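Residue-level listing of the chains:
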Amino acid sequence: MLQDTVTVHGGYALTSPATVTPTPSKNAGLPLLAAAPCVGVPVLVHSVPSSTDIRTLVELMQTAGLSVAIEGRSLVSSPEHARGMVGDLSSAVRIRASYYLVPALLGAYGRADLPWPGGCDIGQRAMDLHFWVYAAFGDSSTTGIGGYTVEAGSAVGTVRIELPFRSRGATVAAALRAVVARRRLVLVWPNRSPEVETLVNALNLAGYPAVFDDDTLYLEGDAAPTAAQWRVPGDKIEIGTLLCAAAATGGRVRIGAVEPAHLGSFVPALHTLGFDAVTGIGTVELDASRTGLSADLVAVADLEPGGLDADFEPLLMVLALGRAGHHLFGDAINPGRHGHLLPQLARFGAHITTESAVRCRLRGPQALRPAQARATDIRTGVAVLLAALVAPGESRIEGLAQVARGHEDLLGVLSSLGAYIQHEVPA
Ligand SMILES: CC(=O)N[C@H]1[C@@H](OP(=O)(O)OP(=O)(O)OC[C@H]2O[C@@H](n3ccc(=O)[nH]c3=O)[C@H](O)[C@@H]2O)O[C@H](CO)[C@@H](O)[C@@H]1O
Ligand SMILES: C=C(OP(=O)(O)O)C(=O)O
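Residues numbered from 1 in each chain as written. Chains lettered and ligands numbered in written order. Predicted model: local features only at pLDDT ≥ 70, side-chain atom pairs only at ≥ 80, totals over all residues. Heavy atoms only, no water.

> Outline the site of ligand 2, listing residues and values.
The local shell around ligand 2 consists of Lys-26, Asn-27, Arg-96, Cys-120, Ile-122, Arg-125, Asp-311, Arg-337, Ile-378, Arg-379 and Arg-405. One of the side-chain nitrogen or oxygen atoms of Lys-26 is found 2.8 Å away from an oxygen atom of ligand 2. The fraction of the free accessible surface of ligand 2 (290 Å²) that becomes covered by protein chains is 94%. Residue-level mapping places the shell around ligand 2 at the junction of two domains, with at least three residues from each of domain 1 (6-23 + 234-423) and domain 2 (26-231). (Near = heavy atom within 4 Å. Polar contact = N/O pair within 3.5 Å; in protein donor to acceptor, adjacent residues only side chain to side chain. Areas by Shrake-Rupley, 256 points an atom, 1.4 Å probe, with all protein chains shown as cover. Domains from an automatic or database assignment.)

In structure tokens form, the structure reads like this:
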């Protein structure tokens with residue numbers, strides 16, 4: 001059983017003896033799993049991670065009467081939709097991605113009743129764009145204090161939607177609604193993150209032609225589908241975590257099964273900080289003994305294609321603390337995150353100047369000292385683990401259930417690189 005508190009003995013270089021294969025990704029897996037009951041054909045999804053949020057989504061689909069089952073590390077989805085009854089979906093409040101369930105529920109029952117998305121307490125989790133997407137399909141939505149209801153409409157023909165910004169959640173909602181409604185979709189300003197591109201490739205494999213053309217996604221939701229097998233890709237955030245862990249502790253790591261393009265502007269950020277991260281075909285490696293001079297880093301989360309994924313920003317903040325320069329950080333996408341992250345890093349002695357709720361600056365290098373800290377959300381949790389691995393001495397980290405929401409066994413992976421992490425045995 002996972003214990004919620006660990007002691008991290010920091011100050012040791014993390015080095016992988018062999019090439020590390022990343023664990024499959026939560027954030028790429030969630031849309032694929034939600035898509036499986038939408039496509040109208042049998043689907044087998046391979047490499048499903050068993051992080052808590054993924055397990056919650058699968059349980060929710062089963063409670064909703066959708067025909068999905070976990071077999072080993074795969075999800076098997078059969079086209080016969082409902083068992084006829086939707087059970088209690090109140091645990092949907094535990095994850096943000098519960099909103100990915102709406103299209104499958106509309107397909108199975110013609111309506112979706114869900115609590116508001118929850119998960120990490122990192123800012124408002126608005127769904128206005130999702131409702132706007134459903135309205136474009138002719139669906140009607142009503143909202144209340146505890147949750148919302150979407151009821152399926154009966155409109156036909158091509159649906160054209162222009163998003164005001166590249167929301168990942170709204171893009172997934174539009175794509176899944178199009179295949180459930182069997183309608184052509186023209187979506188302007190789609191999100192083009194690797195997680196969405198993975199979903200679009202999966203829909204292609206299931207016989208729904210889908211293509212990005214500059215700033216538009218074209219999806220033939222009315223095509224004839226075919227049974228498909230999908231695979232959840234390796235977790236780009238875990239890859240980033242291991243690169244930062246090796247870099248920050250003066251170690252070395254080589255990671256395989258990597259799609260370097262999925263790392264977006266994360267690798268250039270490592271270069272700015274002076275680290276020689278080298279990408280190859282399906283690999284990325286970093287040897288901190290080859291570190292050069294660092295320059296000022298600007299790490300501002302961005303939804304534009306190739307922009308910095310917000311979930312990389314806390315990792316880069318810890319890394320930058322050890323590197324010379326004036327470094328700027330921003331995450332307006334998760335506007336509550338700095339409010340959790342900065343106080344936890346301050347416990348390690350980090351001096352970070354808040355410019356606004358979503359922007360901060362720091363001047364490096366700064367030495368970190370061991371601390372007692374809390375994983376208040378997934379990425380703050382990983383950031384404090386990194387800080388603890390850097391700070392020489394014993395740190396105590398609480399709240400690891402948050403990290404387990406996004407990672408199947410991050411502590412195990414870090415331990416395989418030589419991290420010395422002890423689980424606290426409850427009295
Ligand atoms: C499950 C999952 O994959 N979560 C990721 C996803 O979150 P998420 O799916 O929420 O990301 P979106 O791109 O949809 O949302 C980005 C921003 O837009 C706002 N918004 C979104 C929809 C809407 O209808 N109205 C609205 O105002 C959100 O509150 C947020 O501030 O992308 C984020 C940005 O890369 C990541 O940090 C999250 O880890
Ligand atoms: C915030 C995250 O996920 P979610 O949006 O699912 O809470 C995350 O993965 O860090």
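Structure shown, so let's carry the discussion forward.
> So, the side chain of Arg-323: which residues are in play, and what are the values?
With respect to the helices and strands, Arg-323 occurs in the loop between helix H9 (313-321) and strand S17 (325-330). Although Arg-323 is buried, it forms no salt bridge, and the closest oppositely charged side chain is Asp-296 at an N-O distance of 11 Å. At 2.7 Å, the side chain of Arg-323 and the backbone oxygen of Leu-273 are in polar contact. Contacts of Arg-323, omitting those with residues within four sequence positions, involve Leu-273, Gly-274, Phe-275, Thr-291, Gly-292, Leu-293, Ser-294, Gly-364 and Pro-365. (Helix = DSSP H or I, 4+ residues; strand = E, 2+ residues; numbered from the N terminus. Buried < 20%, exposed > 50% of the residue type's maximum accessible area, 1.4 Å probe, protein only. Lys, Arg positive; Asp, Glu negative; His and termini not counted. Salt bridge = Lys/Arg side-chain N within 4 Å of Asp/Glu carboxyl O. Contact = heavy atoms within 4.5 Å.)

> Describe the sheet that holds strand S19 (residues 359-364), and please don't skip the residues or the numbers.
Within the open sheet, the four strands sit side by side as S16-S17-S19-S18. Their pairing is mixed. In this open sheet, the two edge strands, each paired with only one partner strand, are strand S16 (298-300) and strand S18 (353-356). With direction set aside, neighbouring strand axes in the sheet form an average angle of 20°. Looking at chain direction, S18 and S19 are connected through three bridges and run antiparallel. Paired with Thr-353 across the bridge in S19 is Arg-361. Running at roughly 25° to S19, helix H10 (residues 337-346) makes contact with S17, S18 and S19 of the sheet. (Pairing = 2+ DSSP bridges. Axes fitted to C-alpha atoms, helices over the stretch in contact; angles between N-to-C directions.)

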